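# Geometric and topological summary
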Amino acid sequence: MDKLLEQDQNRLLQALQNNGPQTAQELSIALRLTVPRVTSLLYKMKDEHLIHSPRCTTGNKGTPINVWEILASKD
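Residues numbered from 1 in each chain as written. Predicted model: local features only at pLDDT ≥ 70, side-chain atom pairs only at ≥ 80, totals over all residues. Heavy atoms only, no water.

## Observations concerning unusual backbone geometry
Located in the positive-phi region is arginine 32, a residue other than glycine, with phi close to 55 degrees. Tracing the sequence through the fold places arginine 32 in the loop between α2 (24–31) and α3 (35–47). For histidine 49, which is not glycine, the phi dihedral falls at a positive 60 degrees. (Helix = DSSP H or I, 4+ residues; strand = E, 2+ residues; numbered from the N terminus.)

What follows is the structure, given as structure tokens:
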């Protein structure tokens, strides 16, 4: 895995673990990454079953926005 990709994924997981569920915009601000970069990471991590978006919030224009959180382990 690309070292930068791994570093950004770890930072994103840490932010979700420390601060709870967040939107891509909130994560972008917290991690100082662009929204497209964060969104790309989120969907990659979703495909790897590390995180999920069980609910949405409503944006300024009334559009749904995913709220992301760490996927609870089934242990």
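## With respect to the side chain of serine 28
Note on placement: serine 28 falls in helix α2. You can call serine 28 buried: its relative accessible area is 8%. The residues touching serine 28, leaving out its near neighbours within four places in the chain, are Leu33, Thr34, Val35 and Val38. (Buried < 20%, exposed > 50% of the residue type's maximum accessible area, 1.4 Å probe, protein only. Contact = heavy atoms within 4.5 Å.)

## A closer look at the pattern of salt bridges
Throughout the structure, instances matching the rule amount to three salt bridges. Of the charged contacts in the structure, one is a salt bridge between aspartate 8 and arginine 37, with a shortest N-O distance of 2.8 Å. On the criterion of sequence distance, the pair formed by aspartate 8 in helix α1 (residues 3–19) and arginine 37 in helix α3 is long-range, its members being 29 residues apart. Judged by its relative accessible area of 3%, aspartate 8 is buried. By relative accessible area, which is 27% here, arginine 37 ends up partly exposed. Residues participating in the shared-partner salt-bridge network are Asp8, Arg11 and Arg37. (Salt bridge = Lys/Arg side-chain N within 4 Å of Asp/Glu carboxyl O.)

## Some thoughts on the pairing of strand β2 (residues 64–70)
In terms of strand pairing, strand β1 (residues 51–58) meets β2 through six bridges, oriented antiparallel. Within the sheet, the bridge partner assigned to arginine 55 lies in β2 and is valine 67. (Pairing = 2+ DSSP bridges.)

## What about the environment of leucine 4?
Its place among the elements puts leucine 4 in helix α1. Here the alpha-carbon distance between leucine 4 and lysine 46, two residues 42 residues apart in the chain, equals 18 Å.

## Section: the nonpolar core
Membership of the largest hydrophobic core comes to 14 residues, with the highest contact counts inside it found for Leu12, Leu27, Val38, Leu42 and Ile51. Of all the elements in the fold, those that place two or more residues in this core are α1, α2 and α3. (Core = buried A, V, L, I, M, F, W, Y, C linked by side-chain atoms within 4.5 Å.)

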